[in-house]
Amino acid sequence: MSARVGCGALTLMLLSSACTSGESAGAAPGVVVGSKAFTESVILGEVMAGAFASTGARVEHRRQLGGSLVLWNALLADEIDAYVEYTGTLGEEIFGGRVATDLAALRQAVTAEGLRISAPLGFANTYAIGMLRQVADALGIETISDLASYPELQLGFSEGFMQRQDAWPGLRARYSLPHRDVRGLNHDLAYRALEAGELEVTDLYSTDAEIRHYDLRILTDDRDYFPDYRAVILYRAELESWPAVVDVIERLQGSIDTASMVEMNAASQIERQPETDVANRFLQRQLGVAADRVAAGFGDRLWDNTLDHLGLVIVSLAAAILVALPLGMLASRRPRLGRFVLSATGILQTIPSLALLVFLIPPLGIGAPPAIVALFLYSLLPIVRNTATGLTSIPRGLLESADALGLPRGARLWRVELPLASRPILAGIKTAAVINVGTATLGALIGAGGYGQPILAGIRLNNTALILEGAIPAAVLALFVQGAFDLLERLIVPRGLRL
């Protein structure tokens, strides 16, 4: 069972040592619930979290962590203890089509991985293809096969649907669809693109509240391509040592019908009610559970996100300074080696940030560690380059004067070279810090928290206020960092170099 429950991943690493991991004998269990980056998954994560909390368990919900493979690997790595998955996704994406999507086969497969699977929760959220009803009526399109006659239609699918073998690649082959210029975009943005006329066809989840809201037609899967996607709970076998938690999982089985799931999705996505409140009402109505989880207020969210964001930036920047300054000094002393160092740090800068985060998840897990390492790597180039440039641009006559005074090599470095190069060095560190403030928002994609958390939620819920809740503080923090380094320059850079 995860020992991370109750520990604010990064902030406490910096500002507190009071967080304890592990569980003492007889203590309430600590359970970490995960959810994917779409509204239904977040709601179901809150349902599980509230139900587990009603047993006295200490619960943490790590929201919108990404796609199925991220959650699956986090479960295997003991980063989370439970999350809601779908049978079709398990069979086709997680097990690559090697396992049938019936419950018996899936139970055998997940048990071999040290995991457990519940019975279905009661509803299926099947992939579907949809269009605005008025557009479909005008073209006479009712089935997916009909799309083959309209190669000019603009298709746009969620990024996960574009890549999964049980989604667009296989669908295109099964139906011999001629469309090639297909866009990938965020699932929630696709609905707005349909409404604006920028897309004609997109992928849907059959329980999406937006289907009714935007008056969409679900095209008939006339070749029975999509498998059954029944919602189930995947959880670690260690949870079986706590009967009350297992009892909650059993009570959730069969408790959520399709109408209830659509209603909860609509309450959150359309009416913009907090997922925690939506989940609490369901638990009280359906299971008689007096869930007391409370959605965090604006002030609490801002404080927590600020601490997490500062932690990501400060830890990564401090590590980068400790590594990049010696590398910059080495590059200035040995030009050939310096070219290699600058090339290597430059190549790191070209790796897309999302790709780098995904690459770092297997060795480091989810949360703060991979985000810190990614920010550290991105910080190296400006500091190394400016340090090397500052040291090599010192007039040779000044260095010869230092040698004439009999200063040892180390003393010359600390008393002459670094002070003279302090301005470009600080400029490099400032550049790295400002870049980190912006890039750290992506850490929310893997559960690292920070200002990216409300930005992602705002995009998912089409809520501008939530987006600004993360974007404005990030911009303010970047300006603060800029000002702080300007002040630091006045304190550190010799006065003669500032004139």
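In this text the structure is predicted, and so the values were computed from the model without any measurement. (Residues numbered from 1 in each chain as written. Predicted model: local features only at pLDDT ≥ 70, side-chain atom pairs only at ≥ 80, totals over all residues. Heavy atoms only, no water.)

Notes on the confidence of the model for the protein chain
Averaged over all residues, the pLDDT of the protein chain is 87; the fraction at 70 or higher stands at 92%. Residue range residues 3-26 is modelled with pLDDT below 50. Its contacts to residues more than four positions away, or to other chains, number 43 contacts. (pLDDT = per-residue confidence, 0-100. Contact = heavy atoms within 4.5 Å.)

Details of the packing of aromatic side chains
Each pair of aromatic rings is reported with the distance of its centres and the angle of its planes. One pass over the full model with this rule turns up 11 aromatic pairs. Centroid distance F157 to W168: 5.0 Å. Interplanar angle 45°. Geometry classified as tilted. One end of the pair, F157, is in strand β6 (residues 156-158); the other, W168, is in helix α8 (residues 168-175), with 11 residues separating them in the sequence. A single burial state applies to F157 and to W168, both of which are buried. Between Y225 and F226, the ring centres sit 5.2 Å apart and the planes meet at 70°, which makes this aromatic pair edge-to-face. Judged by relative accessible area, F226 falls into the buried class, the value being 11%. An aromatic cluster of three or more residues is present, and its members are F38, Y127, F157, F161, W168, Y205, Y225, F226 and Y229. (Phe/Tyr/Trp six-rings, centres within 6.5 Å; stacked < 30°, edge-to-face > 60°. Helix = DSSP H or I, 4+ residues; strand = E, 2+ residues; numbered from the N terminus. Buried < 20%, exposed > 50% of the residue type's maximum accessible area, 1.4 Å probe, protein only.)

Digging into the environment of I129
Mapped onto the secondary structure, I129 falls in strand β5 (residues 127-132). For I129, a relative accessible area of 1% gives the class buried. Separated by 73 residues in the primary sequence, I129 and T202 place their C-alpha atoms 5.9 Å from one another.

Quick word on the pattern of salt bridges
Applying the stated rule across the entire model yields 18 salt bridges. Between D166 and R164 there is a salt bridge, with the nearest N and O atoms lying 2.7 Å from each other. A single burial state applies to D166 and to R164, both of which are buried. The partner of R333 in a salt bridge is E417, and the shortest N-O contact between them spans 3.1 Å. With R333 in helix α14 (residues 298-333) and E417 in helix α19 (residues 409-439), this pair connects stretches of sequence that are 84 residues apart. Residue classification places R333 among the partly exposed residues on the basis of a relative accessible area of 33%. (Salt bridge = Lys/Arg side-chain N within 4 Å of Asp/Glu carboxyl O.)

Brief notes about the environment of A112
Summarising the element assignment, A112 is placed in the loop between α5 (103-111) and β4 (115-117). A relative accessible area of 67% means that A112 is categorised as exposed. Separated by 315 residues in sequence, A112 and A427 have C-alpha atoms that sit 54 Å apart.

Here we look at the packing of helix α2 (residues 39-53) against helix α13 (residues 275-287)
Contact pair α2 / α13: the axes reach a minimum separation of 8 Å and the direction vectors enclose 55°. Relative to α13, α2 is oriented oblique. The handedness of the crossing between α2 and α13 is right-handed. Counted together, V42, I43, E46, V47, G50 and A51 of α2 and E275, T276, V278, A279, F282 and L283 of α13 form the full contact between these two elements. Of the residues that constitute the contact of α2 with α13, the class distribution is eight nonpolar, two polar and two charged. (Axes fitted to C-alpha atoms, helices over the stretch in contact; angles between N-to-C directions. Parallel < 35°, antiparallel > 145°, perpendicular 65-115°, else oblique. Left-handed = near helix turned anticlockwise from the far one by under 90°. Nonpolar A, V, L, I, M, F, W, Y, C, P; charged D, E, K, R; others polar.)

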